[in-house]
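# Structural description and commentary
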Amino acid sequence: MIGQAAHSVAWLAKGVGVMANGFKKQSTKTARRVAVSYSYLAPTLVLMLIFLVVPIVMVIGYTFFDNVIVNKNPVFVGIKNYVSVLSDKSFWPAVGHTLYFVIISLIAHLLIGMVFALILNTRYLNYKTKALFRVLFALPWMFTASVIAIVWRMMMDPSGVLNYFLLTFHLADSKVLFLASRDLALFSVTLINIWSGYPFYMISILAGLQGVSTDLYEAAALDGANAPRTFFYITLPTIKPILVSLMMLDFIWTLQQFALIWMTTGGGPVNASEMVSTYIYKYAFTKYEYSMASTAAVILLIACTIIGIFYVRHQRSEA
Amino acid sequence: MRRKGFKKTMAMGLAGMMTVGLAACGGGTSESGSTQTSEAAAATEEAATEEAVSTEASSDVTLEFQQWWGVELPEGALDEICNEFTNQTGIKIETLSNPYADTKTQIAAGAAAGTMADVVGLDGSWVYDFAKQGAIANLTELMGNAGYDDSQLSDQIKFESNTYMIPVVNFAYPLYVNMDILKEAGVSEIPTTWSEFLDAAQKITDNTDAAAYFIPLNTEAPNGIQNQLSSWVWASGGNLLKDGQPNLSGNDTIAETVDLFKEMYEKGYLSPGIEALKEQDMVNEFENGRLAFMVDGISHLTTIKTESSDINFEFSTVPVKDGYTGQSGMDVANWGIGIAENCEHKEEAWQFVEYLMSPEVNAKLAQLANAFPGNSKAEPDYSSNDALFQKAYDIFQTGYAINEFTGAPTSEDLMRSFNEQFVLYIDGDVDSASSMLDAVQEAWIPAFSK
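Rules used in this analysis
- Residues numbered from 1 in each chain as written.
- Chains lettered and ligands numbered in written order.
- Predicted model: local features only at pLDDT ≥ 70, side-chain atom pairs only at ≥ 80, totals over all residues.
- Helix = DSSP H or I, 4+ residues; strand = E, 2+ residues; numbered from the N terminus.
- Buried ≥ 20, exposed ≤ 12 C-beta atoms within 10 Å, placed from the backbone.
- Contact = placed C-beta atoms within 7 Å.
- Pairing = 2+ DSSP bridges.
- Domains from an automatic or database assignment.
- Expected span 1.5 Å × (residues − 1).
- Arc of directions from axis to C-beta.
- pLDDT = per-residue confidence, 0-100.
- Core = buried A, V, L, I, M, F, W, Y, C linked by C-beta atoms within 7 Å.
- Nonpolar A, V, L, I, M, F, W, Y, C, P; charged D, E, K, R; others polar.
- Axes fitted to C-alpha atoms, helices over the stretch in contact; angles between N-to-C directions.
- Bend = angle between axes of the 7 residues up to and from the residue.
- Parallel < 35°, antiparallel > 145°, perpendicular 65-115°, else oblique.
- Left-handed = near helix turned anticlockwise from the far one by under 90°.

## Here's the deal with the overall build of chain A
Within chain A, the regular secondary structure consists of 12 helices and 0 strands. Listing every helix and strand of chain A by position from the N terminus yields α-α-α-α-α-α-α-α-α-α-α-α.

## Digging into the overall build of chain B
For chain B, the count of helices and strands is 18 helices and 13 strands. Here chain B, with 450 residues, has 44% of them falling under the buried criterion. Contacts in chain B between residues at least 24 apart in sequence constitute 75% of all its contacts with a sequence separation of at least 6.

## Examining the environment of E196 of chain B
Residues and elements named next belong to chain B. In this structure, E196 sits in helix 9 (residues 194–207). Taking the C-alpha atoms as reference, E196 lies 8.3 Å from P319; in sequence the two are 123 residues apart. In contact with E196, not counting residues within four places along its chain, are P191 and P319.

## A closer look at the pairing of strand 5 (residues 162–172) of chain B
Residue and element names in this part refer to chain B. Extensive coverage of strand 5 is indicated by the burial of 9 of its 11 residues. Pairing of strand 4 (residues 157–159) with strand 5, which is carried by 3 bridges, proceeds in the antiparallel orientation. Counterpart to K158 in the pairing with strand 5 is T163.

## Observations regarding the domain arrangement of chain A
What the domain assignment lists for chain A is domain 1 (1–53) and domain 2 (80–318). Each of domain 1 of chain A and domain 2 of chain A has a C-alpha centre, and these two points are 54 Å apart.

## Details of helix 9 of chain B
All names here are of chain B. For helix 9, with 14 residues, the first-to-last C-alpha span of 20 Å sits near the 20 Å given by 1.5 Å per residue. When helix 9 is considered as a whole, its buried residues turn out to be W194, F197, A200, A201 and I204. For helix 9, the buried positions fall inside an angular range of 120 degrees around the axis, keeping them on one side. Those residues of helix 9 hidden inside the fold are in contact with helix 8 (179–185) and helix 11 (252–266).

## What to know about the confidence of the model for chain B
Residue and element names in this part refer to chain B. Mean pLDDT over chain B works out to 86, with 87% of the residues at or above the 70 mark. Contacts from residues 9–56, a stretch scored under 50 in pLDDT, to residues over four places away or in other chains number 15 contacts. The ipTM assigned to the predicted complex is 0.80, against a pTM of 0.80.

## Focus on the nonpolar core
V119, Y213, I339 and V353 of chain B are the most contacted members of the largest nonpolar core, which has 167 residues in total. Ranked by residues supplied to this core, first place goes to helix 17 (residues 411–426) of chain B with 7 residues. Among all residues touching I339 of chain B, those that are not within four sequence positions of it are D118, V119, I136, A137, L139, L142, K346, A349, W350 and V353 of chain B. F116, A117, F137 and Y198 of chain A belong to the second largest nonpolar core, which has 13 residues in total.

## Considering the domain arrangement of chain B
Residue and element names in this part refer to chain B. Under the domain assignment, chain B is made up of domain 1 (52–172 + 334–373) and domain 2 (175–316 + 409–449). Summarising the inter-unit geometry, the C-alpha centres of domain 1 and domain 2 are found 32 Å apart. Taken residue by residue, the interface counts 5 residues in domain 1 and 8 residues in domain 2. Elements represented by at least two residues in the side of domain 1 that touches domain 2 include exactly helix 6 (124–133) and strand 5. Its residues assigned to classes, the side of domain 1 that touches domain 2 shows 3 nonpolar, 2 polar and no charged.

## What about unusual backbone geometry?
In the segment running from G268 of chain A into P269 of chain A, the intervening peptide bond is cis, with an omega of -5 degrees. Within the secondary structure layout, P269 of chain A lies in the loop between helix 10 (259–264) and helix 11 (276–285). Residue V270 of chain A is not a glycine yet carries a positive backbone phi of 55 degrees. Residue V270 of chain A is classed as buried on the basis of its 21 C-beta neighbours within 10 Å. Positive phi outside glycine occurs at E160 of chain B, with the angle close to 50 degrees. Relative to the assigned elements, E160 of chain B resides in the loop between strand 4 and strand 5. A tally of 10 C-beta atoms within 10 Å means that E160 of chain B is categorised as exposed.

## A word on the interface of chain B and chain A
With 26 residues of chain B at the contact, the number on the chain A side is 26 residues. Those elements giving two or more residues to the side of chain B that touches chain A turn out to be helix 1 (2–48), helix 6 and helix 17 of chain B. With 7 residues, the single largest contributor to the side of chain B that touches chain A is helix 1 of chain B. Across the side of chain B that touches chain A, the residue classes break down as 11 nonpolar, 7 polar and 8 charged.

## Things to note about the sheet that holds strand 10 (residues 313–316) of chain B
Within a beta sheet, neighbouring strands are joined by backbone hydrogen bonds and run either parallel or antiparallel to one another. All names here are of chain B. An order of 9-6-10 is seen for the 3 strands of this open sheet, with the pairing classed as antiparallel. In the strand order of this sheet, the two ends are held by strand 9 (293–295) and strand 10, each with one partner. Across the sheet, the axes of successive neighbouring strands diverge by a mean angle of 25 degrees, strand direction being ignored. With 4 bridges joining them, strand 6 (residues 175–178) and strand 10 adopt antiparallel strand pairing. Pairing of V177 across the sheet is with E314, part of strand 10.

## A look at the environment of F65 of chain A
Residue and element names in this part refer to chain A. Turning to its location among the elements, F65 is positioned in the loop between helix 1 (2–62) and helix 2 (80–86). Judged by C-beta crowding, with 19 C-beta atoms within 10 Å, F65 ranks as partly exposed. Each C-alpha atom of the pair F65 and L177 lies 42 Å from the other, and the pair is 112 residues apart in sequence. Residue contacts for F65: discarding those within four places in its chain leaves P74, V75, F76, V77 and S291.

## Observations concerning helix 7 (residues 185–210) of chain A
Compared with an ideal rise of 1.5 Å per residue, which puts 26 residues at 38 Å, helix 7 of chain A spans 38 Å between its outermost C-alpha atoms and is within 8% of the ideal. At G197 of chain A, helix 7 of chain A shows its largest bend, some 35 degrees, and a proline, P199 of chain A, comes one to four positions later.

## Notes on the packing of helix 17 of chain B against helix 18 (residues 433–449) of chain B
All names here are of chain B. Contact geometry for helix 17 and helix 18: axes closest at 9 Å, N-to-C directions at 160 degrees. In terms of their interaxial angle, helix 17 and helix 18 are classed as roughly antiparallel. Helix-helix and strand crossings are classified by hand; for helix 17 and helix 18 the assignment is right-handed. In contact with D413, L414, S417, F418, Q421, F422 and Y425 of helix 17, helix 18 contributes A433, M436, A439, V440, A443, W444 and A447. Classifying every residue of the contact of helix 17 with helix 18 by side-chain character gives 11 nonpolar, 2 polar and 1 charged.

## Overview of the pairing of strand 6 of chain B
Residues and elements named next belong to chain B. Alternating positions in strand 6 separate into two faces, L175 and V177 on one and Y176 and N178 on the other, with burial throughout. The pairing of strand 6 with strand 9 spans 3 bridges and is antiparallel. Across the sheet, L175 pairs through a bridge with V295, a residue of strand 9.

Put into structure tokens, the structure is as follows:
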């Protein structure tokens, strides 16, 4: 009996051993597979760590010191910089200008991009005409910010072509100071940004329009839907995912626009076209107050992150 | 469970790598610490070494010389000057020449990281910040150690009473005058006082399509306050600073200058749209014959002569306040030189600075750069330069060189705050020049009190 039991125990132990070995082998295999997967990801992860995570962590760290880089012995000041930036009398006007700039740009980009995309997608134009207009409409997208700034500064100059046009056709009594007037500067830089940014919408919407099934339009035509109804009930809902993605990306990009503003008005006259981006630049590179600049940059980062979260969620829900 | 463990391991690994990365960033301190030890040992050794041996040892020394001058001088000219120094002393010079903007970025990065080149070309507006940061060496000490007679230097840029930059060559800012516009307007002589200038400006506005004067006020590059406005203050013997502190409140000369400009603005003597225009726009307007007067650097002389050979222009002094009979200050920009605090061969670096500032070499540099020498004993031969250049030099010698923004803290920001208040004043948002200057003074004080 005892011998039998002992045999049973031995058999059981052997069975457990075999099972354990099996599990061990399986887990080693799984671990190896995971390790191989992560090793493929490692170069990207390392690069992201060096170029994305470390700088962001460092900039966030800077915000808690009195000043960094130019100060050999920075002193920890907690959230004092955040209080200073948020109570700075020139910060909130910069936020207001940025919101105006972003919202107007966004709406105009969408409308102009949509109209041009619809024109380019129509069946009433032949192939050659469409190709010509595609190039013409997409042209602003090809220029760098510095070229755009130079061209528009020359056009908006008091002796430039726009004023010549306005005065020749008696559309203005005197020269219009597009960039030099405190009342017009913000509007003018927004106009330049609209011009430079709509082709991205146009090209993306055009791609979306070309993907809409013709069956839907045919069915709508059979049902007697007119052009506006077709647009609002078929075209718009079909390309809605593209539009939402475009607007979220454009919001983040326009929020960060710096080069165009800096090279046209520099945020002036006085602070008439000051944006959060130029505000940060001035703190960092003319006042050398890197902690304050980092603080404003982190506030901008938080705003972009919130939009980014909405963007990712939207993408997931679409998937 | 196992996946969680793996995630934990990965997270720890990443954290470890970050720590290593950060430690590597900070590693420079301990390294420089050991460098300092070896520097001290080397210094002791050097002191004990005989002069002959020292000369032999210096042949092993190579100094990095970072600047933007090499790009702006005739090709190979700077290397030739440096090679001559090597021939004389055995100290090798490795020139690192890049355009101005790149040099500024690289020097600023070097200052932050403690890896600045041994000898650096400096702009006066950078000095305060680099000196405060401890990135550039105290030249007063080095001059003292070398027994150098600094009375021959035309200027020295100081921080807390010690010299940190020496201007090697100066670029003066005279008044450019388009003689054809003056003739068309019926102005027979170049104005030398404010009232004469206003009369001439009125005639130019009445009889020509040109603007009389230009002050660029774009906030991106607010140097119009320095070169096109403050130059008028300095010409009439005024000052923006007193004992190194802002002196704007209650300063009559500045208030009168600001009022003069407001009058010019209101009467339409200034080019339209100046609030968004830059110095380059001013030069373009002058080159295109749409501007009668401008205060600009002589460095633009060759460009204007080349690009607009049909323009008939002259140099003159900036007009002075009526009744002012004292000497006039002339706005200057300069190529300055300094030594990095992290330089391991400061003695040799100073030898190089002294060589560049010697009357002969300094005169040669000035002649090549179309500039005026930083050594008052230097006598450049300008016979091969443009005749107008010689005239500018004669004008320069009648007054004194001045630029109060050079060596001032965050000088660009000082100009920008002045610019903003000035625009508010000429637009009528501020009721008087004194109120405007009070506001500028208030904006400037924090920068000087840090």
